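Fold and contact review
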Amino acid sequence: ALLILTLAISINILGQNLSITGRVADASTKHILENANVVITRLPDSKLRGMSTDKNESFKFTELLPGKYILTVSYIGYIITKRILNFNVIQ
């Protein structure tokens, strides 16, 4: 089965910190999946942070720096989903 991601991105321009929030759902039924594993990896240094979706079935990563990231989502019985994210703050 396939996963879909719903993402919301907010940017604090003054501090140049970024945050990303999202939910993980079944691609065909749109049913939100609780306790999905979500990992964000910053490139090129491969620093990573991970979490599971919370009781509200969502995830949030805060204090991200501008740059390129890979967001990886996994859930038992589903195909692992990866998205490349580029956060560039232009002043």
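The structure under discussion appears in the preceding block.
Residues numbered from 1 in each chain as written. Predicted model: local features only at pLDDT ≥ 70, side-chain atom pairs only at ≥ 80, totals over all residues. Heavy atoms only, no water.

**Points about the packing of aromatic side chains**
Counting across every chain of the model gives three aromatic pairs. Here the aromatic rings of Phe59 and Phe61 are separated by 6.0 Å at their centres, their planes lie at 55°, and the arrangement is tilted. Aromatic side chains Tyr75 and Tyr78 sit 5.5 Å apart centroid to centroid with 70° between the ring planes, which places their arrangement in the edge-to-face category. (Phe/Tyr/Trp six-rings, centres within 6.5 Å; stacked < 30°, edge-to-face > 60°.)

**Points about the environment of Gly77**
Among the structural elements, Gly77 can be located in the loop between strand S6 (67–74) and strand S7 (81–87). For the pair Gly77 and Ala1, spaced 76 residues apart in sequence, the C-alpha to C-alpha distance is 6.8 Å. (Helix = DSSP H or I, 4+ residues; strand = E, 2+ residues; numbered from the N terminus.)

**Looking at the pairing of strand S4 (residues 47–52)**
Counting buried residues in S4 gives zero out of six residues, a small share hidden from the surface. Between strand S3 (residues 37–43) and S4, which pair antiparallel in sequence order, lie three residues; one of them, Ser46, sits at a positive phi of approximately 60°. (Buried < 20%, exposed > 50% of the residue type's maximum accessible area, 1.4 Å probe, protein only. Pairing = 2+ DSSP bridges.)

**Observations regarding the sheet that holds S4**
Within a sheet, each strand pairs with its neighbour through backbone hydrogen bonds, oriented either parallel or antiparallel. Strand order in the open sheet formed by four strands is S4-S3-S6-S7, with antiparallel pairing between adjacent strands. A single partner strand is all that each edge strand has here, and the edge strands are S4 and S7. Along the sheet, successive strands turn relative to each other by an average axial angle of 20°, direction set aside. By the bridge criterion, seven bridges tie S3 to S6 in an arrangement that is antiparallel. In the sheet register, Val39 faces S6, and the bridge partner there is Thr72. (Axes fitted to C-alpha atoms, helices over the stretch in contact; angles between N-to-C directions.)

**Let's talk about the pairing of S6**
Bridging between S6 and S7 involves seven bridges; their strand directions are antiparallel. Bridge assignment links Leu71 to a residue of S7, and that residue is Arg83. Between S6 and S7, which follow one another and run antiparallel, lie six residues, and Gly77 among them has a positive phi close to 90°.

**Considerations on the environment of Ile70**
For Ile70, the position within the fold is in strand S6. Sequence-wise, Ile70 and Arg83 are 13 residues apart; in three dimensions their C-alpha atoms are separated by 5.7 Å. Beyond its immediate chain neighbours, meaning those up to four positions away, Ile70 contacts Val39, Ile40, Thr41, Leu43, Lys82, Arg83 and Ile84. (Contact = heavy atoms within 4.5 Å.)

Keep in mind that these numbers describe shape and distance, not what the molecule does.
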